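Below, each chain spelled out in residue letters.
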Amino acid sequence: MRYWLMKSEPGAFSIDDLASRPGQTEPWDGVRNYQARNMMRDEMKVGDPVFFYHSNCEVPGIVGIARIAREAYPDHTAFDPQHIHYDSGSDPANPRWLMVDVQFERKLKRTIPLSELKDRPELGGFALVRRGNRLSVMPVTQAQWEFILGLE
DNA sequence: GCCAACGTTGGC
DNA sequence: GCCAACGTTGGC
C-alpha cells in the first residue's frame, strides 16, 4: 500500500463535491502529465489512502482523505473533442491517458494550509513543498502521512 | 537532438 | 492578475 496526494481546484471539483457524489466516488479524469499518469498506472492500488488537496484557491492545502476505489483505466474524456480535457493524440485503441476512481473517506477537522506544511522542517523532502512543483498526483511516504495527520 | 517559443500550473 | 517554474512542441 502507498499513500498519495492529489490536487484539485475546488472551483472545479472540491472535497465537498466528492462527499456529495452518489456512492461518494468520482473518476479522477484530466490528468495530462506523464509522470503522474505513470504513477497512477504502475503504483496506485485499490484502497490506497489519498490526501485531497485544494489548489489555486484562497487557502491552498490538504482538506480531506479519500481512497483509491478503482485502478487505472482509460480516461475517455481524452477522446471527446467537446471535452475540456480532449487530446487528439490519444487513440481509443491505445489510450494515452488514464484515470482512477477515488472514494471519499472524510474531511479533515481543519484545512492544513500549504504555508504551514512549508514551515515544517520534517516535510523538507515532501514533493508538495519543493519549489516549482507542479505534479497533480504525488506519492507521500508513511512518515509524511503520519506527520501531516498529526497536525490536524 | 537542440532549444526557443509557447502553454499551463498554481502560489501569491 | 501577475509571473516563476516547468513541460511540450516544433523548426532546424
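Residue numbers run consecutively from 1 along every chain, following the written order of its sequence. Written order decides the labels, with chains lettered from A and ligands numbered from 1. For a predicted model such as this one, the threshold for reporting local features is a pLDDT of at least 70, and the threshold for listing and counting side-chain atom pairs is 80 or more; totals across whole chains, interfaces and linings nevertheless cover every residue. Side-chain measures here rest on the full set of heavy atoms in the structure, leaving out hydrogens and waters.

**Student:** Hey, could you run me through the sheet that holds strand β1 (residues 3-8) in this one?
**Tutor:** What links the strands of a sheet is backbone hydrogen bonding, and the strands pair in either a parallel or an antiparallel sense. Spatial strand order, β2-β5-β4-β3-β1-β6: 6 strands in an open sheet with mixed pairing. Every other strand in the sheet has two partners, leaving β2 (25-27) and β6 (137-140) as the edge strands with one partner each. With strand direction ignored, the average angle separating the axes of adjacent strands in the sheet is 35 degrees. A pair of strands counts as paired when DSSP detects no fewer than two bridges linking them. Only DSSP runs of H or I reaching four residues or more are called helices, and only runs of E reaching two or more are called strands; each is numbered from the N terminus. Summarising the sheet, β2 and strand β5 (residues 98-113) pair through 3 bridges and their orientation is antiparallel. Along β5, the bridge assignment pairs glutamate 26 with valine 102. We call two residues in contact when some of their heavy atoms are within 4.5 Å. Axis definition: a line fit to C-alpha positions, over the contact stretch in the case of helices; interaxial angles, taken between N-to-C directions, run 0 to 180 degrees. The sheet strands contacting helix α4 (residues 142-150) are β1, β3 (49-54), β4 (61-74), β5 and β6, and the helix crosses β3 at an angle near 55 degrees.

**Student:** When you look at the protein's contact with DNA strand B in this model, what are you seeing that I'm missing?
**Tutor:** Every residue lining DNA strand B is accounted for by Lys7, Tyr53, Ser55, Asn56, Pro60, Leu114, Lys118, Arg134 and Leu135. Counted by atom, the contact set of DNA strand B within 4 Å of the protein is 67% sugar and phosphate. Contact distances for DNA strand B include 2.7 Å between a phosphate oxygen and a side-chain N or O atom of tyrosine 53. Within the backbone of asparagine 56, an N or O atom sits 2.8 Å from a phosphate oxygen of DNA strand B. Looking at side-chain class alone, the surface near DNA strand B contains 4 nonpolar, 2 polar and 3 charged residues. Residues are counted as near a molecule or strand when any one of their heavy atoms sits within 4 Å of it. N or O atoms within 3.5 Å of each other form a polar contact, as long as, within protein, one can give a hydrogen and the other can take it, and as long as residues adjacent in sequence are counted only when both atoms are side-chain atoms. Following the grouping adopted for this structure description, the nonpolar residues are Ala, Val, Leu, Ile, Met, Phe, Trp, Tyr, Cys and Pro, the charged ones are Asp, Glu, Lys and Arg, and the polar ones are all others, Gly among them.

**Student:** Can you help me understand the protein's contact with DNA strand C in this one?
**Tutor:** Inspection of the region around DNA strand C gives Tyr34, Arg131, Gly132 and Arg134 as its neighbouring residues. Taken together, the sugar and phosphate atoms account for 67% of what DNA strand C places within 4 Å of the protein. Here arginine 131 contributes a side-chain N or O atom positioned 2.5 Å from a phosphate oxygen of DNA strand C. Within the side chain of arginine 134, one N or O atom sits 2.2 Å away from a base oxygen of DNA strand C. Residues of the surface near DNA strand C, tallied by class, amount to 1 nonpolar, 1 polar and 2 charged.

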